[in-house]
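Remarks on the overall topology
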Amino acid sequence: MPLSLPQLAASRQQNNMKTSLLFLYLLFLSYFNVVLVFGTGRSEGKENPFTAKASLIRYWNNHISNNLPKPPFLISKASPLNAIDLAKLTQLANHNSLSSHIESFCSLANLFCSFQEDSSKLDAVGKGKGDANFAVYSSKNFKGYGSLRRGGIDSFKNYSDGLNTPNESFKKYSRGSNAHSEDFTSYAKDANVAIDNFTNYGSSTTGGSGGFNNYQERVNVPNLRFTSYDSDGNKHKLSFSSYSSETNSGSEAFTNYGKKGKAVPAEFTSYSSNANTIGSSFAGYGVLGNSANDSFKAYGDSGNNPRNNFKIYGLASKLGIDSFTSYRDSANVGADSFQSYARDANSGKVNFVNYGKTFNVGNSTFKEYGKGSTGSTTIGFKMYDLARSFLDYAKKGVTFAGYTNSSSKETSVNRWVEPGKFFRESVLKQGNLMVMPDIRDKMPRRSFLPRGILSKLPFSTSHLSELRNIFGASMEGMLENALTECERPASRGETKRCVGSVEDMIDFATSVLGHSVTVRTTENVKGSKQEIMIGEVKGINGGEVTKSVSCHQSLYPYLLYYCHSVPKVRVYEAEILDVTSKSKINHGVAICHLDTSAWSPTHGAFLALGSGPGQIEVCHWIFENDMTWTIVD
């Protein structure tokens, strides 16, 4: 029987009173640091039972049916939230209000977040008459740097070099300057997870020049964005030398690059060369330019699995010259897309020299290539490679010279794969020598979220806008990359799930393996990047084929793991010895995949070891903070 309105109001009031009483009770327990040992009625001055960590331990006891010690490396990743903060943040999550308290949320829950500084707090520098010269500088946000300058030069040297997670923002950089020059030398070199954003860079400038040397070189996980780059510039020369070379697993984006520029020469020398799995995006490149001169030299050369995307490139440009000298040369697979390239161009010149003579053919597509171009626009290709497709291109003024139907195979197959990253099962024998890869965890330190908060956060690419509102626009690329991988269909025989709490990880592991399970990881990082000796080796389950669930970190604001189970594996524990002293320096965990038939022919393991899918087994170490679950031996 439905409740009357007075009854509904009374019921709602009772629920609110219960919530308030619970909150006061949690406050009391947290203040006196009381612990109730459930089932015994005893009180001890230990940990509050309402913390996230205490909740996790109870969950473990209820779902893992053995008395083995709980793994400290995993329990330490539990949320650090105390009872009061947990209650407050859970209430905010229930009301979708975390975004308005994001800084407190990230700090209290130990998350990795990037905040856009309040513009009133940004430094306004370079507006005076004197030149600005920063020799050593780190992690600072600037507003109006070099704006409206007349002549002079501003320079940054050794900017944020060697930091773990540099996070810089430049807003209105050199905007409206006249005959002014900017220079960055060695910008954020050797960083780990880099988030950089340039907004209104060099817009409406006249004359002068801007240069980047060694920009984001050898960064592990770059997330780089240029928004409104050199828009409405007039004869302001821009040069990038060694831009994000030797970077690993990240993304770079240029939005409104050179829009409405007049006689603006922009040059990229060695752009994203020797990079590994990098996504580069140019949206609105050279749109409505007039007499622009853009050139790319050594673009994406020797890259491994690059993903380059050009949208609206050179749209309606007039009298422009665009040149690619060495595009994707010796790259390995990957995917490139040019959409609306040189469309409606007027009397310009577009040229590709040595386009994509790759080591292994990838997937490149041109859509609307030169479509609608007028006047004496000429488009040429020299050294054009196999497997390129044009969906719609100008029938006149397009020249294909030196078209080749084979890929260049002159490159060493091992150069993209770190020595020791993959090895054969026969290597795991006592007394053998091998090179251990760098197994150090290079991700920023984060914690899991409690389930009560995690369940209230969206987790899909379809809700990316909501996540962006919570964690900030600068995190969008990182969020999208992780979500896309989590939503990827499972490969043949694979069972997979992304988990953001230890409870979710336990549920997935026990659903595959049953409730009598244990979890292992390599003990430390000693031996990384050096030759080691294999000591005593123990095969889990007697060295027989077994089931396992391996979990690998993904870059996300909270601790997120990609967990999966694949068929036909063997798991090993091995003592790792110093080659000279023969003393034990580490205790490693390795997994060997016996069935590689569903792997890509261009998988790094085959590049390193030779052979191909289904022909060999492939082994690798469990890296720091990754793990593998197995049935109790």
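Presented here is an overview of the structure given in this document. It should be emphasised that the depicted structure is a prediction, and the values quoted were computed from it without experimental measurement. (Residues numbered from 1 in each chain as written. Predicted model: local features only at pLDDT ≥ 70, side-chain atom pairs only at ≥ 80, totals over all residues. Heavy atoms only, no water.)

Comments concerning unusual backbone geometry
Here Lys582, not a glycine, exhibits a phi torsion of approximately 65 degrees, which is positive. Examined against the element boundaries, Lys582 turns out to sit in the loop between strand S30 (569-577) and strand S31 (584-593). When its relative accessible area of 45% is taken as the criterion, Lys582 is described as partly exposed. For Asn625, which is not glycine, the phi dihedral falls at a positive 70 degrees. The residue Asn625 is located in the loop between strand S32 (618-621) and strand S33 (627-631) in this model. (Helix = DSSP H or I, 4+ residues; strand = E, 2+ residues; numbered from the N terminus. Buried < 20%, exposed > 50% of the residue type's maximum accessible area, 1.4 Å probe, protein only.)

Some points on the nonpolar core
Phe105, Leu111, Leu449, Ile453 and Phe471 are the most contacted members of the largest nonpolar core, which totals 37 residues. Counting only elements with at least two residues in this core, the list comes to helix H4 (83-94), helix H5 (102-109), strand S8 (193-201), helix H6 (451-454), helix H7 (464-471), helix H8 (476-487) and strand S29 (560-565). Top element by residues in this core is H8. It accounts for five residues. Discounting chain neighbours no more than four positions away, the residues touching Phe471 are Ile102, Phe105, Leu111, Cys113, Ser114, Leu457, Leu479 and Pro557. (Core = buried A, V, L, I, M, F, W, Y, C linked by side-chain atoms within 4.5 Å. Contact = heavy atoms within 4.5 Å.)

Overview of the packing of H7 against H8
Between H7 and H8, whose axes approach to 10 Å, the crossing angle comes to 135 degrees. When the axes of H7 and H8 are compared, the pair comes out oblique. For the pair H7 and H8, the crossing hand works out as right-handed. Touching Leu464, Leu467, Arg468 and Phe471 of H7 are Glu476, Leu479, Glu480 and Leu483, all from H8. Classifying every residue of the contact of H7 with H8 by side-chain character gives five nonpolar, no polar and three charged. (Axes fitted to C-alpha atoms, helices over the stretch in contact; angles between N-to-C directions. Parallel < 35°, antiparallel > 145°, perpendicular 65-115°, else oblique. Left-handed = near helix turned anticlockwise from the far one by under 90°. Nonpolar A, V, L, I, M, F, W, Y, C, P; charged D, E, K, R; others polar.)

Section: the packing of aromatic side chains
Taken as a whole, this structure holds six aromatic pairs when the rule is applied. Centroid distance Phe423 to Trp621: 5.6 Å. Interplanar angle 45 degrees. Geometry classified as tilted. Placement of Phe423 in the loop between strand S23 (398-401) and strand S24 (433-436) and of Trp621 in strand S32 is noted, with a sequence separation of 198 residues between them. Look at Phe423 and you get buried, because its relative accessible area is 4%. Both rings, one in Tyr556 and one in Tyr558, keep their centres 5.0 Å apart while their planes meet at 75 degrees; by these two values the pair is edge-to-face. Exposure remark for Tyr556: the relative accessible area of 0% places this residue in the buried category. Judged by relative accessible area, Tyr558 falls into the buried class, the value being 2%. Taken together, Phe459, Tyr556 and Tyr558 form an aromatic cluster joined through their ring pairs. (Phe/Tyr/Trp six-rings, centres within 6.5 Å; stacked < 30°, edge-to-face > 60°.)

Focus on the pattern of salt bridges
One pass over the full model with this rule turns up 13 salt bridges. Among the ionic pairs, Arg570 bridges to Glu425, the shortest N-O distance being 2.7 Å. Of this pair, Arg570 sits in strand S30 while Glu425 sits in the loop between S23 and S24; the two residues are 145 residues apart in sequence, bridging distant segments of the chain. The network of salt bridges with common partners includes Arg451, Arg497, Asp504 and Asp507. (Salt bridge = Lys/Arg side-chain N within 4 Å of Asp/Glu carboxyl O.)

A look at the sheet that holds strand S26 (residues 517-520)
Pairing within the open sheet is antiparallel, and its five strands lie in the order S25-S29-S28-S33-S26. Strands at the two margins of the open sheet, each flanked by one partner only, are strand S25 (495-499) and S26. Neighbour-to-neighbour, the strand axes of the sheet open up by a mean angle of 20 degrees, direction not taken into account. Of the pairings in the sheet, the one linking S25 to S29 comprises five bridges and is antiparallel in character. Each bridged residue has a counterpart across the sheet, and for Arg497 the counterpart in S29 is Cys563. Taken strand by strand, H8 contacts S25 and S29, and its axis lies near 150 degrees from that of S25. (Pairing = 2+ DSSP bridges.)

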